Each structure stands twice: as C-alpha cells, then as structure tokens.
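Structural characterization, general
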Amino acid sequence: MNAKMASGAVLSDLPGYKDLLPADKIDLNLLSLIPEHLIRRYMLIPVKKSGNRLFVAMTEPFNILALDDLRLFTGYDIEPLAAGKKEIKMLIEKHCGTPEVEMVMQDLGIEPERGEPAEIPEAEFIDQAPVIRLVNLILTRAIDEEASDIHIEPFEQFVRIRYRIDGLLSEAMNLPHKMIFPVVSRIKVMANLDIAERRLPQDGRIPLKLHGSDIDLRISTMPTMFGEKVVIRVLNKGNVKKFNLAQLGLTKYNLKRFLSFIRASHGMLLVTGPTGSGKTTTLYTALNEINTIDKNIITVEDPVEYTLANINQTQVNEKAGITFANYLRSILRQDPDIIMIGEIRDPQTAEIAVQAAVTGHLVLSTIHTNDAPGAVTRLINMGIAPFMVASSVTGVVAQRLVRRICLHCKQESKPDNKEKAFAGLAPGTSLFAGAGCEICNFTGYKGRIAIYEVMTLSPELQNIILQNVSTEEIKQAAVSAGMVTLKEDGLKKAAAGLTTVKEIMRACLRE
C-alpha cells in the first residue's frame, strides 16, 4: 500500500472523522449520495459535504479502488477520513440498518421501513425461525459486548434496542414497531411467562449456555402506551469465580479496615450505594473470603444472583408472604455463624438484623444511602435506637462504579477548568484519558472500577452516634478518625491513571 496519496497526506496525518463531526450529527441526506452496497462493501459512511468535496469516514482510507468508485458514483472529490471497523459498523447499522434484522423482516414479509403501528398475532410468528434468530441476535450480541442490561423499548413508530455497557446505555439497533409483539412474545415463551397477559408486569428468567459460560437472564416486562417494554438483566455465572479481594480495587488502607469487619466473630457490615454500584459483588466477595468448613453461612436474597459453593442461599418470595423479616426469623433457628441479607429496607428486617449482630452473629447486608455515615442515620430513622446501632454496626462501606480508562488508547490529558476546580489541581497538572479506539468502541473507557468510602465505628464514633447527631456531624467525626471519602478515593485512582476526573465528578456530584 502506498504510504502517500495524491494530496500528500500520510495515514498518521489524516484526521479521524470524530475530529470533524460527531456521529450523532451526521446528515442523513448524505447517505443517499452513496449506494448502500458500496457503503457496506467498503465499510464507509459519508459525514460531511463542503462545496465539491465529500468527507467520507473509511476503514481503509488508502483503498484506491474504493475512492475511484466513490468519485464515479457521487461526482464529488472524496476526502477520506480514518476510522475503525467497529465504529464504522456501528454507524452503518445505526443509519442503514442491520443486515440480520432486514433478513428477518424479509422472511416474515414485513416492510423494513417504519410505518404505522400494526399488531401481528403472536401465534403466527413467535415460533418462526426468523423471530427466533432475531431474539437470539439481540441476546448474543449483548452478551458478546459484555452488556449488563438489555432494554427493548416500544415507541409509536419503532422499537429501540439499547444495551447498558460499563454503566451507560447506548443504542444498539432499531426495529419496525410491528416487531414488538412477536419479539416480546418469543422472550416470554423462553421465560415461561404468560404471552396473553399484556396489562400487568411480569418477571421471569432464562438460563442460557453461550461460549461455554452459564448465563442467567432476568426478565422484567412492563406495559407502556405502545406495547410492552422488556428489560433483561444479564448475569454471567462465570463471573462468580472472579470474586476476590484483589478484584474489588480497595486500597491497602481500606482493605485492612474491610478485612477487620468480615473477620470479626459478630457485628454488622453494611454496604451502601445506589442500584448498580456493585454492592452485591462486594458482599459475595466477602462471603468467598470467609467461607470455610467450620462456618455455617446462610443468605436471604431478592433474588439470588449467583450460586456460591458451600453456602446455603435462600430467596424471598413476597407474593407468597416470604419476606426478609420472615426468613430471618427462621434462619436464626438454623444455628448460623454468618448471615447475609440482600437488603435492609424495612424496620422489621432492620430490627432482626441488629438483634442477630449483637447476639453473636456476623451479619452482612446492603442499605440504600448516598454515603457511609448516612447508613447510621437511616437505621435510626427506621426506629433502631442509637445505642443499638452503635453496638451492632462494626463498619459501613459506601461505593460507586466508575469507568476505567481503556488501556489500549490511554494517553496524557490536560484537565479542563471544571475538573481542576473539582479536584483542586495545580496549574499545568496532567492526568490521563482514553483517546478512543476500536477496543473501547471509541468511548475511551473499557471496564469499570469501584471507588470506596470505608467507615469504622470506633469508640469515639460510637459516642457521637449515641448523641443522636446529624449525618453531616457523623461524617465529620468519621473523616477526623481517618475515613477516606468517595471523592478522595476516586481522585487518588484518577491520579494513578485508572479513571478520569470526569468519571469521579459523574459519580459524586449526583448525590
């Protein structure tokens, strides 16, 4: 391949298309200038027109044959812009459609263009091979891209499929609205749900085996104005083998405190944070660390996300009247050493958990608060006496998940003014960020890492709690006693090049 083009530009000199125009601002009228078969054959997409020049994002900007074909068909001078294969494929599927989806539409005799909503009888389509292929495509692509959730959302004229990857939702594909009924019905059949019931929410699960891994899909359906929305939680059971202390990402300072909580003979460890912050992973890791033959460990969860070896796991069923509180009363008669409660969310559960912690049991649980000191106030607001909270809780861990900088495109980066102000950075300070590449889907991030706030209930802090003070006063006392806040832990990891200040701002400023 010739390193130079007629214009004298070399590959390293070519701008990426993102330097010229963001993907979400591509003029859709430009797509009509290039036949779709050329777009797919040469893996390219037009992004801008200026005078007689047409800027085209391409995976092979030096492909002379492709450039000649483009000049012939469009009549424009072609300015090639370097782009990755994965990115171009994503853009083509977004703006031109997904070939697999179009094949399904053809096999079913459905026009792929968006039209007026029209129902298709489930019985006619849900067992047909094209619908099965389409649902399999949606599921397998999500698993391959390591999505944690799949959203199937019906709107007036189309159905949007989104994947949650590294904590953020992104659009994967769109379907004609007509497909919502057969797709949802196919998923319901797989999950043993009632396909005739569209007025009420339903929950189910689908066990799968893919690429040698056991996958558990948790299904939730909900009626909306234009059909049933489906959210699928993707649980890879193989991940349970990764639950170890090194994987958590605790600093040595916080790890020492964490170990003191879980190795105690009794007391309560609370893990707090919003939904999706990794609380269950932390609890499972703690159980794996202390799971020995001489311990009787029992859990009560809602639901059981992963099966742990040699641990007795139970699941609540509120429809049958089996709640956390009911189960806990039974568990205490099972001679437990360690009890893990999925969540403390009502006064009854809180009271039994506290009683268990002060009568010789080690209790691990989660609670929804913004930070570690807030967990103490939350228990007191549930009706637990301050002296019982002070004597039962040994430690609280607050956490958030932030995106990790992609190792393949990591580079030095200058923080902007907002980042400098948030992090208190000195002028001229350089940090790190991801430039964006095929590996990270041009986001600059790949994977996630946790930031923590670990609070030990020392005798001094117990005395503060007995005075029934505010959350802010508890926090001040905890910081004085050595607690590293979420923000401080996050900024340390940003300084180490693990994440960015922007991610810490996103995680901490929402509180």
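Please refer to the structure higher up on the page.
Treat the numbers as computed from the prediction; the structure is a model and nothing was measured. (Residues numbered from 1 in each chain as written. Predicted model: local features only at pLDDT ≥ 70, side-chain atom pairs only at ≥ 80, totals over all residues. Heavy atoms only, no water.)

Quick look at the environment of R164 now. For R164, the location among the structural elements is in strand β5 (residues 158–165). Note on R164: relative accessible area 26%, which makes it partly exposed. With 22 residues separating them in the primary sequence, R164 and A142 have C-alpha atoms 8.7 Å apart. Setting aside anything within four residues of it in sequence, one finds R164 in contact with A147, S148, D149, H151 and L169. (Helix = DSSP H or I, 4+ residues; strand = E, 2+ residues; numbered from the N terminus. Buried < 20%, exposed > 50% of the residue type's maximum accessible area, 1.4 Å probe, protein only. Contact = heavy atoms within 4.5 Å.)

Examined against the element boundaries, E301 turns out to sit in strand β11 (residues 297–301). At 2.7 Å, the side chain of E301 forms a polar contact with the side chain of T299. Contact partners of E301, with chain neighbours within four places excluded, come to Y284, Q313, T314, Q315, V316, F324, M340 and G342. (Polar contact = N/O pair within 3.5 Å; in protein donor to acceptor, adjacent residues only side chain to side chain.)

It is worth spelling out the packing of helix α12 (residues 324–331) against helix α13 (residues 347–358) at this point. Taken N-terminus to C-terminus, the directions of α12 and α13 make an angle of 25°; their axes are 8 Å apart at the nearest point. When the interaxial angle is binned, α12 and α13 end up roughly parallel. Relative to α13, the crossing made by α12 is left-handed. In this structure, α12 contributes F324, A325, L328 and R329 to the contact, and α13 contributes Q348, T349, I352 and A353. Broken down by class, the residue content of the contact of α12 with α13 amounts to five nonpolar, two polar and one charged. (Axes fitted to C-alpha atoms, helices over the stretch in contact; angles between N-to-C directions. Parallel < 35°, antiparallel > 145°, perpendicular 65-115°, else oblique. Left-handed = near helix turned anticlockwise from the far one by under 90°. Nonpolar A, V, L, I, M, F, W, Y, C, P; charged D, E, K, R; others polar.)

We now examine the packing of helix α17 (residues 459–466) against helix α18 (residues 471–480). Packed helix pairs are specified by the crossing angle of their axes together with the interaxial distance, meaning the distance between the axes. Orientation of α17 relative to α18, taken along the N-to-C sense of each, is 170°, at an axis distance of 10 Å. Here α17 is positioned roughly antiparallel relative to α18, judged by the angle of their axes. Contact residues: L461, I464 and I465 in α17; I474, A477 and A478 in α18. Of the residues that constitute the contact of α17 with α18, the class distribution is six nonpolar, no polar and no charged.

Without other data, these values stay purely geometric and don't point to any function.
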